[in-house]
Amino acid sequence: MKLYDSVRAPNPRRVRWFMAEKQIDDIEIVQVSLFEGQHRTAEYRAKAGLPNVPALELDDGTVFTESIAICRYLESVYPDPNMFGRDAKETAVIEMWTRRVEMMVATPFMIAVRHSHPAMAALDTQIPEVADSNKNWAERGLNIINRQLADNAFIVGDRLTIADIIAFTSLDFTRMIKYQMPETLTHVARWHTAMNSRPAAKAGMEKVA
């Protein structure tokens, strides 16, 4: 298998983290430079279907994008440690929180960075009001996560799941715009420190200046 990666983007980092937690080391990593437009080439689009990273290419030539879909596939091939749920109820709860994190925190933070970091102007027409609105929306999502973490070590109970990986990589991506969390988010801050101390937090990041 091959993973088409881009070290500066948050979504590929989700997959790198997921692979590191599972100690998956038999997948070839192929770097795709977004700033050089390598994801927009005819060759890449013919392979991935869309100019998106990450993309996973299977040995039979099947290619699919979307980080969570890739992680779900890898979970089925490398089941331990489990990160998507061990029974029907836990799977539903993890899915619920993963969706919440994606919609309320990850997506708005990514839009905020895309519309405010100077380097991102090469990828999009930036609108400052869009950046501010999405940052405010993400902070409302963080307040919900903060309440959830008041009684839990991780977003879903006492163990790491895909919801934590999605949340952390999205929040950590805001370092690009020097975002500072509100001091009231004490439980998120505690969780963030614990997540950042995990060996998988450094997966592939040594390549990023």
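None of these values were measured; they are calculated from a predicted model. (Residues numbered from 1 in each chain as written. Predicted model: local features only at pLDDT ≥ 70, side-chain atom pairs only at ≥ 80, totals over all residues. Heavy atoms only, no water.)

S.K.: Whenever I open this one, the sheet that holds strand β2 (residues 28–31) confuses me. Can you help?
M.R.: Each strand in a sheet pairs with another by means of backbone hydrogen bonds, the pair being arranged parallel or else antiparallel. Strand order in the open sheet formed by four strands is β2-β1-β3-β4, with mixed pairing between adjacent strands. Across the chains shown, the open sheet's two edge strands, defined by having one partner strand only, are β2 and β4 (63–65). Taking each pair of neighbouring strands and ignoring which way they run, the sheet shows an average axis angle of 20 degrees. Direction of pairing for strand β3 (residues 55–57) relative to β4: antiparallel, over a ladder of three bridges. Of the residues in β4, the one forming a bridge with Glu57 is Val63. This element, helix α3 (residues 67–77), spans β3 and β4 of the sheet and lies at about 125 degrees to β4. (Pairing = 2+ DSSP bridges. Helix = DSSP H or I, 4+ residues; strand = E, 2+ residues; numbered from the N terminus. Axes fitted to C-alpha atoms, helices over the stretch in contact; angles between N-to-C directions. Contact = heavy atoms within 4.5 Å.)

S.K.: Please clarify how the side chain of His115 should be interpreted in this entry.
M.R.: Along the chain, His115 falls in the loop between α4 (88–114) and α5 (128–149). Those residues in contact with His115 that lie beyond four places of it in its chain are Thr125, Gln126, Ile127, Pro128, Val130 and Ala131.

S.K.: What is the right way to read the pattern of salt bridges from this model?
M.R.: Working definition: two side chains of opposite charge can pair if their charged atoms are close together. Throughout the structure, instances matching the rule amount to 10 salt bridges. Here Lys22 ties to Glu75 by a salt bridge, and the two come within 2.8 Å at their closest N and O atoms. In this pair, Lys22 is assigned in the loop between α1 (10–21) and β2 and Glu75 in helix α3, connecting sequence segments 53 residues apart. Judged on exposure class, the residue Lys22 and its partner Glu75 are both buried. Notably, a salt bridge pairs Arg175 with Asp172, separated by 3.3 Å at the nearest N-O pair. Judged by its relative accessible area of 55%, Arg175 is exposed. You can call Asp172 buried: its relative accessible area is 7%. By sharing partners, the salt bridges in this structure join Arg13, Asp172 and Arg175 into a single network. (Salt bridge = Lys/Arg side-chain N within 4 Å of Asp/Glu carboxyl O. Buried < 20%, exposed > 50% of the residue type's maximum accessible area, 1.4 Å probe, protein only.)

S.K.: Hey, could you run me through the packing of α1 against helix α6 (residues 162–173) in this one?
M.R.: In a packed pair of helices, the relevant descriptors are the angle between the two axes and the axis-to-axis distance. α6 packs onto α1 with a crossing angle of 135 degrees between their chain directions and a minimal axis gap of 9 Å. The angle between α1 and α6 places the two elements in the oblique class. Regarding α1 and α6, the two cross each other, and that crossing is right-handed. Every residue of α6 that contacts α1 at Pro10, Arg13, Arg14, Trp17 and Phe18 is listed here: Ile162, Ile165, Ile166, Phe168, Thr169, Ser170, Asp172 and Phe173. When the residues that make up the contact of α1 with α6 are grouped by side-chain class, the tally is eight nonpolar, two polar and three charged. (Parallel < 35°, antiparallel > 145°, perpendicular 65-115°, else oblique. Left-handed = near helix turned anticlockwise from the far one by under 90°. Nonpolar A, V, L, I, M, F, W, Y, C, P; charged D, E, K, R; others polar.)

S.K.: Even after reading the chapter, I still don't get the packing of aromatic side chains, so can you show me in this structure?
M.R.: To describe a pair of aromatic rings, you give the distance between the ring centres and the angle between the ring planes. Evaluated as defined, the whole model comprises six aromatic pairs. Taken together, a centroid distance of 5.9 Å and an interplanar angle of 75 degrees make the contact between Tyr4 and Tyr44 edge-to-face. On the criterion of sequence distance, the pair formed by Tyr4 in strand β1 (residues 2–5) and Tyr44 in helix α2 (residues 42–48) is long-range, its members being 40 residues apart. For the pair Tyr4 and Tyr44, a shared accessibility class is recorded, and that class is buried. Of the aromatic side chains, those joined through ring pairs into one cluster are Trp17, Phe168 and Trp191. (Phe/Tyr/Trp six-rings, centres within 6.5 Å; stacked < 30°, edge-to-face > 60°.)

Remember, this is a structural readout, not a statement about activity or role.
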